[in-house]
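Commentary on secondary and tertiary structure
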Amino acid sequence: MMSAEESARIHAGGPQIEGKFWLIANPCCGDEDGMTSATGSNRSMGLVVWLTGLSASGKSTLANALAAVLRAEGQTVVVLDGDLLRAGLCRDLGFSESDRMENVRRAGAVAALLAQSGVICIAALISPFASSRDAVRKQVPAGRFLEVFVDAPLELCEKRDPKGLYARARRGEIPTFTGVSSPYEPPAAAECVVRTGEIPIQEATDLILARIRAKG
Ligand SMILES: Nc1ncnc2c1ncn2[C@@H]1O[C@H](COP(=O)(O)OP(=O)(O)O)[C@@H](O)[C@H]1O
Ligand SMILES: [Mg+2]
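Below or above, wherever it landed, is the structure these notes cover.

Criteria and cut-off values
Residues numbered from 1 in each chain as written. Chains lettered and ligands numbered in written order. Predicted model: local features only at pLDDT ≥ 70, side-chain atom pairs only at ≥ 80, totals over all residues. Heavy atoms only, no water. Helix = DSSP H or I, 4+ residues; strand = E, 2+ residues; numbered from the N terminus. Buried < 20%, exposed > 50% of the residue type's maximum accessible area, 1.4 Å probe, protein only. Axes fitted to C-alpha atoms, helices over the stretch in contact; angles between N-to-C directions. Parallel < 35°, antiparallel > 145°, perpendicular 65-115°, else oblique. Left-handed = near helix turned anticlockwise from the far one by under 90°. Contact = heavy atoms within 4.5 Å. Expected span 1.5 Å × (residues − 1).

The next subject is unusual backbone geometry. Among all residues except glycine, the phi angle is most often negative; among peptide bonds, the trans geometry is most common. One non-glycine residue, Ala56, lies in positive phi territory at about 75°. Here Ala56 is to be found in the loop between strand S1 (47-52) and helix H2 (59-72). According to the relative accessible area criterion, Ala56 is buried, its value standing at 18%. Of note in this structure, Asp161 is not a glycine but carries a positive phi near 30°.

Listed below in structure tokens is the structure:
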């Protein structure tokens, strides 16, 4: 059990939140940005892999494929999937512009915390607004945020329509559906672009893995 004194000391020297909670030193790790292990190696450096794209572009498919490969290598991986987040952490949110931004803000905050603890966090969210994605990027140390544009044309996504959502949106049953009645802002400078209409799942996964490995 932690003594009251120790607890007070830790809290006194604790989080200095000034919009960038990455400045919080992680006691589990070694240095002030919390990204290097106590042994000085960078083996525990976390990473946020942020998959953005239209519904049915392939985000969840690729997130799970990536996670499977990385876990088989012994890495600790957490997938934050938009659909699952909306069923729990974000279940109070709808699909207005401000709710979509709040949805991404929460997911980004969790992703940054996980990465700070040395986890590879793979987020699969439509995350339609560039400003929201950039805000997440700012919470993660330079080089530890990998934005992946899962790029598939709207017509193809609509044809795939694995959950029948585009059909419902076209029938007017979903009032603000990304790509149909709500905007999607493609990333201007994503670290990785995978055109899932042009390459198979395996190749798309390998492309992203190569970018992850390049980060070390
Ligand atoms: N190259 C590819 N990459 C990813 N998904 C693909 C690809 N080709 C076909 N698909 C299919 O597209 C669908 C994408 O669905 P999903 O991963 O749930 O999309 P999202 O999470 O972006 O809404 C899946 O049925 C998947 O099998
Ligand atoms: Mg999905």
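When two helices pack together, their arrangement is given by the angle between the helix axes and the distance between those axes. Interhelical geometry of helix H4 (residues 97-116) versus helix H5 (residues 130-139) gives an angle of 20° and a closest axis separation of 9 Å. Classified by the interaxial angle, the pair formed by H4 and H5 is roughly parallel. Two packed elements cross with a definite hand, and for H4 against H5 that hand is right-handed. Across the interface between the two elements, Met101, Val104, Gly108, Ala109 and Ala112 from H4 touch Ser131, Ser132, Val136 and Gln139 from H5.

The terminal C-alpha atoms of H4 lie 28 Å apart, and with 20 residues this matches the ideal 28 Å at 1.5 Å per residue to within 8%. Within H4 the residues assigned to the buried category are Arg100, Asn103, Val104, Arg106, Ala107, Gly108, Ala109, Ala111, Ala112, Ala115 and Gln116. Gly118 occupies a position one or two residues after H4 and carries a positive phi of about 95°.

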